[in-house]
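Spelled out, the chains give:
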Amino acid sequence: MTAKLIIDLAKCKSQGQSGVRCSYRNHPENKGIDSLLEMARFALICHRCEAAPCINACPRQALEKAPGDGSDAGVLKRANMLCTGCGTCAIACPFGTIYTDLIPFPSSVCDLSKGRLDQDGKPLCVATCSDGSIEYRQVDMEKEDDLVEIFEGIVVRVVGGSRWEPFLRKKEKANK
Amino acid sequence: MNQEELDNRLAEISDKLIDTQRISDRRVFLLCESENSFAVNKFLFQDLALRFIIATGIDSDSCFEVLYHYSNDETGCIVTVKAFIRDRENPSMESITPILPAAEWIEREMRDILGIDFINHPNLRRLILSDDWPEGVYPLRKEVKK
Amino acid sequence: MSWKMKALKKSVWVFHVNTGACNNCDIEIVNLLTPKFDVERFGIKLVGSPRHADALLVTGVGTKQAAKRLQEVYRQTAKPCVVFCMGACAGGGGIFEGAYHVAGPVDKIVKEVDPNAIIAYVPGCPPKPEAMISGVVKALAAI
Amino acid sequence: MSVLANVLFWIAVVPGTIILGLIASWIVRKVSALVQWRVGPPVLQPVYDVAKLMGKEILVPECAHRAVFMFAPLAGLAGVLLLSIMLWRITVAQSAFMGDIVVAIYLMVLPSLALILGSSASGSPHATMGTSREMKLVMSYELPLVLAFIVVVIKAGGSLSLADIAQSTPVWSISGMVAFLVALLCVQAKLGYVPFDMAEAETELGGGVIMEYSGALLAAWKVMHTTMLVALPLFMVMVFLGGFGVGSAGAVAAGAGKYVLVVVLVILIKNTNPRVRIDQAMKFFWVYCSIALILAIALATIGGYYGIGWL
Amino acid sequence: MKKSVRKPILAVGPFHPLQEEMEFFQLTVDGEIVTDIDVRISYNHRGIEKLSETLQFDQVPFLVSRVCGICSASHPLAYVQAVEDIVGVTPPDRALYVRVIINELERIHSHLLWVGLAGHFIGYDTVFMWAWKYREPVLDLLEKITGNRNNYGNVKVGGCREDVPDEIIPKILQELDNVEQKTEMLAKAVLDDPVLHARLKGVGTLSNKDAMDYAVVGPTARGSGVDIDVRRDDPYAAYADLDWKVITQTEGDVFAKAVVRLLETFESIKMVRQALKKLPKGPVAAEVKEIPPGEGCGHAEAPRGETFHYVRSDGGNRPVRHKIRAPSYVNVPSFRASCIGQHIADVTITLAAVDPCYSCTERMAVMDSRSNVILDYESLLRLSREKTAKIKKEIGSPELKLEDL
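Reading the values: the criteria
- Residues numbered from 1 in each chain as written.
- Chains lettered and ligands numbered in written order.
- Predicted model: local features only at pLDDT ≥ 70, side-chain atom pairs only at ≥ 80, totals over all residues.
- Heavy atoms only, no water.
- Buried < 20%, exposed > 50% of the residue type's maximum accessible area, 1.4 Å probe, protein only.
- Helix = DSSP H or I, 4+ residues; strand = E, 2+ residues; numbered from the N terminus.
- Pairing = 2+ DSSP bridges.
- Salt bridge = Lys/Arg side-chain N within 4 Å of Asp/Glu carboxyl O.
- Phe/Tyr/Trp six-rings, centres within 6.5 Å; stacked < 30°, edge-to-face > 60°.
- Lys NZ or Arg CZ within 6 Å of the ring centre and 35° of its normal.
- Contact = heavy atoms within 4.5 Å.
- Buried area = accessible area lost by both parts, 1.4 Å probe.
- Polar contact = N/O pair within 3.5 Å; in protein donor to acceptor, adjacent residues only side chain to side chain.
- Nonpolar A, V, L, I, M, F, W, Y, C, P; charged D, E, K, R; others polar.
- Axes fitted to C-alpha atoms, helices over the stretch in contact; angles between N-to-C directions.
- Parallel < 35°, antiparallel > 145°, perpendicular 65-115°, else oblique.
- Left-handed = near helix turned anticlockwise from the far one by under 90°.
- Lys, Arg positive; Asp, Glu negative; His and termini not counted.
- Patch = residues over 30% accessible without salt bridge, like charges linked within 9 Å, V, L, I, M, F, W, Y side chains within 5 Å.
- Areas by Shrake-Rupley, 256 points an atom, 1.4 Å probe, with all protein chains shown as cover.

Visitor: Sorry, what's going on with the pairing of strand β3 (residues 51-59) of chain B here?
Guide: Side-chain positions along a regular strand alternate between the two faces of the sheet. All names here are of chain B. Most of β3 sits inside the fold, with nine of its nine residues counted as buried. Direction of pairing for β3 relative to strand β4 (residues 64-72): antiparallel, over a ladder of eight bridges. Counted as the bridge partner of Ile54 is His69 from β4. Remark: four residues form the turn of the hairpin made by β3 and β4, two consecutive strands paired antiparallel.

If you want it as structure tokens, here you go:
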């Protein structure tokens, strides 16, 4: 059972983690948690509207929906080479799932602090997270019900499982 | 020396290499430990007579990497020797300037900006940093912010 | 205006100082001497020593190594003299602003030596020769 | 002429020469620019240059010998002005005295000596290099210059006064022509123009003799240089081309024409030759010029002895 | 910086090493012959590689075109090809042709600049004035196409930013004709001038073996018989389907390098004409959404030689490591081979033969080991011009008159 990073969207303050620090060394002021939050919000909170206003509003056509009909059909994908972080999609989104500070122009990268865990085996972001919404421990997917693995090694807890039912994927393995 | 001949000549030194990656028909990466990088470079420059382009020093997470780029001009293929220096405290490596004069400047530059020490380099003086730059601060290391 | 300033306006002797530039501004400065933009018509002459110069054409971003020497040259130019920061690099670091080997924009380096130095800026990367000429003319008109 | 006009004239001579010099230096710069398809400076450019330099701050290097450093340009300027006043007196007031040509030669050397004095006093190792070249240059062209004047004196029947020399217009004879050409090259070297500008050249290129000067002192050097541009051709005209007639307007025009001819010759040499190396220049002056002049002297004496004018 | 036995180093410092300080060459001489050469190049180090790690992939071409003024089209092209090497995208055909046009026009004006400079160093100031005068129309052409005389910033990952508008193509072709005619006149004058032959032949020779050892590139290598040219060996952009030939000489002296550069200019003019005629229709850029993690190398033939860029990315939109190698980085150290044993009068032209950036050649000082008097750049320049004058006198050729050109 490898350790997974668990993000609790309910506890996590919506306007992004100000105090969190990231141990990723390759880029200055890199905050990997932001890119994870962005993926989590696109995967779970975004309503995947048919006539997606965000995609039409984007001046650079940087947003597109994942094709196919599987459980993650229609999940939004942001091309970080085209996106300039202008925030038009945040304004256009009727449900306010996109936050401008989650789509920075220089995008950040998270590699789950491979090889850089601190003494008690936790990544830096867990230690520096102010509202305790990020944990890093072994987790057994079957036992806890409101966890969804949106990406290899990244699990998101969504409170009030039933309300999210329509988009909550059945507990199969996360896609690549 | 055309492409196939280059490939099977490269196979001769595969004992010293960790791995040979052929990214595309004109890009070949030879991964090796820093200890036997001198032998691989000597083989490429003297036996295969490839033209030395430049060397790149990288401060990657767990180790220092020094990439020597060579070009085989007939086919335009770029052969890169990627040497890993595991020891991060005082990284050092065998200098290839004695056999390849063109590498003198780049090895001095790597020592300036990355702190990699090159053993028996003919004149390892400071090259590109200013005279009043503090000793021991290596700008291209990741922890030094811009 | 004193006759000295009037004469200074008509005959500017220029000394070119490169503090780590990519050569575009240097080439545009030499372009000023060639037949197409000939600056000798305005009495502008490229002299080889800061002693004779009235204006310092500073190009480049002011690297740490070059900064001390720029201050040395400024001290030795006969005052009154104007410092022309040619191009975006000299004006405020340009695209290299904030790099680790850069000792700050050129005007800060010169101001360290003489706080009330007259500094003129010619923006552009590289500034067109016409822009350089109009920059020099405007600066002199403003003294 | 009434006394007042006379006094006024003699007061106006010095500034007049300086202004004439500025105009001559403008002509030189304008022609050089036109050769390179460039427009070249406006007429009043030399005036602006000098006025600006007067307004500038004077910097004296720390290790320089302060007094000599300040005094040298003034001495050079005084020498040249004295020479030009003397020449004007001879032409306008017809008061040539015996031996005035010797005084003129002496005064002509003064600027070069001042240049050497000034740059060595400036204490910069760099300028000393320029000084050594200037010294070599002076030594190399003084000998042929004096030989040229000996030829002229012989042609004028041994009299040392410029008035008699002017009468005999030595240039129409072979030896006189040779002497004129060599003297012209010596003037070129004295003015410091290409191809003999090893010392001065560095001023444009940056190193050089008067590199350490700035402000008013540099203005003094520039004015000295431009006034030499008046005095030396004037002297050449008087010695070789028969001097200036003052009586009628025609004579004055002829005199001015000769002066312009000499200046044009100087410019021509300046613009068509690349720079010559210092040891080459010395060899040129000492070997070629001296031999030519010794022959000219022989011709002149034979001519004088047998009374053949054109020899 | 002035060391002199008699005089202490003056606080005033008559010789200002900063006279356009890029690299500072200190040559130790014994009498007239250069015995040792030492270079100090930190004056122009601006930390570009560290800066490019903070810029996004599509912003880096603007930073990279400011590495060197006169090869500001080849550096961005080499970088973009390195990133395209990672992504695996190939730009549309029209973009490949536009890239060839811009690079070859830049090669023309860079070689003309060099011819002018070489003339300046050996005393032909008229050649200097004309070469730079004939260079102006090429700069105007580039300004018409890309909007700036240099620093074009016309390249991005996946193609070009601006397209060459079709209506100005006839104007470009007509402008090219008179540039070619003028360059021909200049080349004929420069190559047939007996003084130049005597002055540049056998000067600063770089033997074939030294060229290999010092891994020199570009005209410096092609002048010594090393037949390398990235445009033909590893054809990028649209060089594969244009017909042109690589010029090489074998003597390896300054004259050979001058011949290589001048004939290359004509090849470039030929190439621009073909590229303009064959300019295909279609889009100018392919859309690149994401840069996958990986590493890539790209190289291009700049006027002075091969520029090499290595880029490593980690999936984000900023490079993790970006290595830049300008051609002068390997050409300048080759002075150790071509300059030592030379007469000091030939030093300026030997250094200029490698055509380092314009202001690099201004930084020279000679320490005479015996008398320790330092000859500075100006005296070296004058020595070089005097040597030309001496040769001119021996050969007795008339000064380069305006009319006979």
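Moving on from the coordinates now.
Visitor: What am I meant to see in the pairing of strand β6 (residues 305-313) of chain E here?
Guide: Residue and element names in this part refer to chain E. Among the nine residues of β6, nine are classified as buried, and the element is accordingly described as predominantly covered. Where strand β5 (residues 294-302) folds back on β6, the antiparallel hairpin that results is connected by two residues. For β6 and strand β7 (residues 319-325), the ladder comprises six bridges, and the chain directions are antiparallel. What sits directly across from His309, in β7, is Ile324.

Visitor: Looking at this structure, how should I read the pattern of salt bridges?
Guide: Side-chain pairs of opposite charge can arise where the charged atoms are in close proximity. Scanning the entire structure with this criterion turns up 64 salt bridges over all chains. Where Arg86 of chain B meets Glu33 of chain B, a salt bridge forms, and the shortest distance between an N and an O atom there is 3.0 Å. Taken as a pair, Arg86 of chain B in the loop between β5 (77-85) and β6 (92-94) and Glu33 of chain B in strand β2 (residues 27-33) lie far apart in primary sequence, 53 residues in all. The exposure class assigned to Glu33 of chain B is partly exposed, which follows from its relative accessible area of 24%. The residue Asp163 of chain E makes a salt bridge to Arg94 of chain E at a minimum N-O spacing of 2.8 Å. Taken as a pair, Asp163 of chain E in the loop between β4 (159-160) and α6 (169-192) and Arg94 of chain E in helix α4 (residues 93-121) lie far apart in primary sequence, 69 residues in all. On the basis of relative accessibility, which here comes to 30%, the residue Asp163 of chain E falls in the partly exposed class.

Visitor: When you look at unusual backbone geometry in this model, what are you seeing that I'm missing?
Guide: Residues apart from glycine generally show negative phi values, whereas peptide bonds are mostly found in trans. The omega torsion across Cys125 of chain C and Pro126 of chain C is -10 degrees, close enough to zero to call that bond cis. Relative to the elements of secondary structure, Pro126 of chain C occurs in the loop between β5 (118-122) and α6 (129-142). Look at Gln61 of chain A: it is not a glycine, yet its phi comes out positive at around 50 degrees. Considering the arrangement of structural elements, one finds Gln61 of chain A in the loop between α2 (53-57) and β2 (63-65). On the basis of relative accessibility, which here comes to 49%, the residue Gln61 of chain A falls in the partly exposed class.

Visitor: Would you explain the packing of aromatic side chains in this entry?
Guide: The geometry of an aromatic ring pair is captured by the separation of the ring centres together with the interplanar angle, meaning the angle of the planes. This model, assessed by the stated rule, comprises 13 aromatic pairs over all chains. Arranged with centres 5.6 Å apart and planes meeting at 80 degrees, the rings of Trp105 of chain B and Tyr329 of chain E form a pair that is edge-to-face. Of this pair, Trp105 of chain B sits in helix α3 (residues 104-114) while Tyr329 of chain E is found in helix α12 (residues 328-331), placing the two residues in two different chains. In terms of burial, Trp105 of chain B and Tyr329 of chain E fall into one category: buried. Ring pairs connect the aromatic residues Phe149, Phe180, Phe235 and Phe240 of chain D, which therefore count as one cluster. Sitting over the face of the ring of Trp132 of chain E, Arg135 of chain E holds its NZ or CZ atom 5.3 Å from the ring centroid. Taking NZ or CZ as reference, Arg231 of chain E lies 4.6 Å from the ring centre of Trp244 of chain E, over its face.

Visitor: Explain the interface of chain D and chain C to me, please; I cannot follow it from the model alone.
Guide: As a measure of interface size, the accessible area lost when the parts come together is often cited. Each partner contributes to the interface: chain D provides 32 residues, whereas chain C provides 29 residues. In total, about 2300 Å² of surface goes out of reach between chain D and chain C, with carbon and sulfur atoms giving 57% of it. Asp38 of chain C is paired through a salt bridge with Arg38 of chain D; the nearest N and O atoms lie 3.2 Å apart. Linking chain D to chain C there are nine residue pairs in polar contact (both at pLDDT 80 or more). At the level of secondary structure, the elements contributing two or more residues to the side of chain D that touches chain C comprise α1 (3-35), α2 (45-55), α8 (198-205) and α9 (215-240) of chain D. Element by element, the count of residues in the side of chain D that touches chain C is highest for α2 of chain D, at eight residues. Residue composition of the side of chain D that touches chain C, grouped by class: 16 nonpolar, seven polar and nine charged.

Visitor: I would appreciate a short explanation of the sheet that holds strand β5 (residues 147-151) of chain A in the present structure.
Guide: Whether parallel or antiparallel, the strands of a sheet pair through hydrogen bonds between backbone atoms. Residues and elements named next belong to chain A. Read from one edge to the other, the open sheet built from four strands follows the order β4-β1-β6-β5, with strand pairing classed as mixed. Looking at the sheet topology across the chains shown, the edges are occupied by β4 (134-138) and β5. If you compare each strand with its neighbour and ignore which way they point, the axes differ by 35 degrees on average. Note that strand β1 (residues 3-8) and β4 share five bridges and pair antiparallel. Bridge pairing in β4 places Lys4 opposite Arg137. On top of the sheet, helix α1 (residues 32-45) reaches β1, β4, β5 and β6 (154-157); it is set at about 115 degrees to β5, its chief contact.

Visitor: What exactly am I supposed to notice about the environment of Gly60 of chain C here?
Guide: Residues and elements named next belong to chain C. Secondary-structure assignment places Gly60 in the loop between β3 (55-59) and α3 (64-76). A sequence separation of 70 residues divides Gly60 from Glu130, and the C-alpha atoms of the two residues are 19 Å apart. If we skip the residues at most four places from it in the chain, Gly60 touches Thr19, Gly20, Ala21, Cys89, Ala90 and Val106.

Visitor: Help me understand the packing of helix α1 (residues 3-10) of chain C against α2 of chain D in this model?
Guide: The description of two packed helices rests on the angle between their axes and on the distance between the axes. With their axes 8 Å apart at the nearest point, α1 of chain C and α2 of chain D run at an angle of 130 degrees to one another. With respect to their mutual orientation, α1 of chain C and α2 of chain D come out oblique. Here α1 of chain C and α2 of chain D pass one another in a crossing that is left-handed. Every residue of α2 of chain D that contacts α1 of chain C at Trp3, Lys4, Ala7, Leu8 and Lys10 of chain C is listed here: Gln45, Tyr48, Ala51, Lys52, Met54 and Gly55 of chain D. Partitioning the contact of α1 of chain C with α2 of chain D into residue classes produces six nonpolar, two polar and three charged.

Visitor: Looking at this structure, I do not really get the packing of α1 of chain D against helix α3 (residues 66-93) of chain D. What am I missing?
Guide: Residue and element names in this part refer to chain D. In contact at an axis separation of 10 Å, α1 and α3 are set at 120 degrees when each is read in the N-to-C sense. The pairing of α1 with α3 is recorded here as oblique in orientation. Every pair of crossing elements has a handedness; the one defined by α1 and α3 is right-handed. Across from Phe9, Trp10, Val13, Val14, Thr17, Ile18 and Leu20 in α1, the residues of α3 making contact are Leu81, Ser84, Ile85, Trp88, Arg89, Val92 and Ala93. Of the residues belonging to the contact of α1 with α3, the class tally is 11 nonpolar, two polar and one charged.

Visitor: Just checking my understanding: could you explain the side chain of Asp107 of chain C for this structure?
Guide: Residues and elements named next belong to chain C. For Asp107, the location among the structural elements is in helix α5 (residues 106-113). Summary of buried charges: Asp107 has no salt-bridge partner, and the nearest side chain of opposite charge, Lys111, is 5.9 Å away. Within the structure, Asp107 has its side chain in polar contact with the side chain of Tyr121 (distance 2.6 Å). Dropping the residues within four chain positions of it, Asp107 is found in contact with Cys85, Ala90, Gly91, Ile119 and Tyr121.

Visitor: Would you mind going over the interface of chain C and chain E with me for this structure?
Guide: Contact residues are listed per partner, giving 41 residues for chain C and 46 residues for chain E. When chain C packs against chain E, close to 3700 Å² is buried across both sides, 60% of that on carbon and sulfur atoms. For the interface between chain C and chain E, the tally reads four salt bridges. Between Lys36 of chain C and Asp140 of chain E there is a salt bridge whose closest N-O contact spans 3.1 Å. Applying the counting criterion to the chain C and chain E interface returns 10 residue pairs in polar contact (both at pLDDT 80 or more). Looking at the side of chain C that touches chain E, the element that brings in the most residues is α3 of chain C, giving seven residues.

Visitor: Would you take a moment to explain the side chain of Arg69 of chain C for this structure?
Guide: Its place among the elements puts Arg69 of chain C in helix α3. One buried charged residue, Arg69 of chain C, forms no salt bridge at all, with the nearest opposite charge on Asp131 of chain B at 4.3 Å. Reaching out from Arg69 of chain C, the side chain makes a polar contact with the backbone oxygen of Gln65 of chain C at a distance of 3.1 Å.

Visitor: Where do I start with the sheet that holds strand β4 (residues 82-86) of chain C in this structure?
Guide: Residues and elements named next belong to chain C. Strand order in this open sheet of five strands is β2-β1-β3-β4-β5, and the pairing throughout is parallel. Across the chains shown, the open sheet's two edge strands, defined by having one partner strand only, are β2 (45-46) and β5. Bridge analysis of strand β1 (residues 13-18) against β2 gives two bridges, and the strand direction is parallel. Bridging from a neighbouring strand, Val14 pairs with Leu46 of β2. Sheet strands in contact with α5 are β3, β4 and β5, and its direction is about 175 degrees off that of β5.

Visitor: I'm lost on a nonpolar patch on the surface in this one. Help?
Guide: All names here are of chain D. On the surface, Met135, Met139, Leu143, Trp286, Val287, Tyr288, Ile291 and Leu295 cluster together into a nonpolar patch covering about 810 Å² of accessible area. When contributions to the nonpolar patch are tallied by element, the ones reaching two or more residues are α5 (125-155) and α11 (278-306). For the nonpolar patch, the element with the most residues is α11, which contributes five residues. Of note, Ile291 is situated in helix α11.

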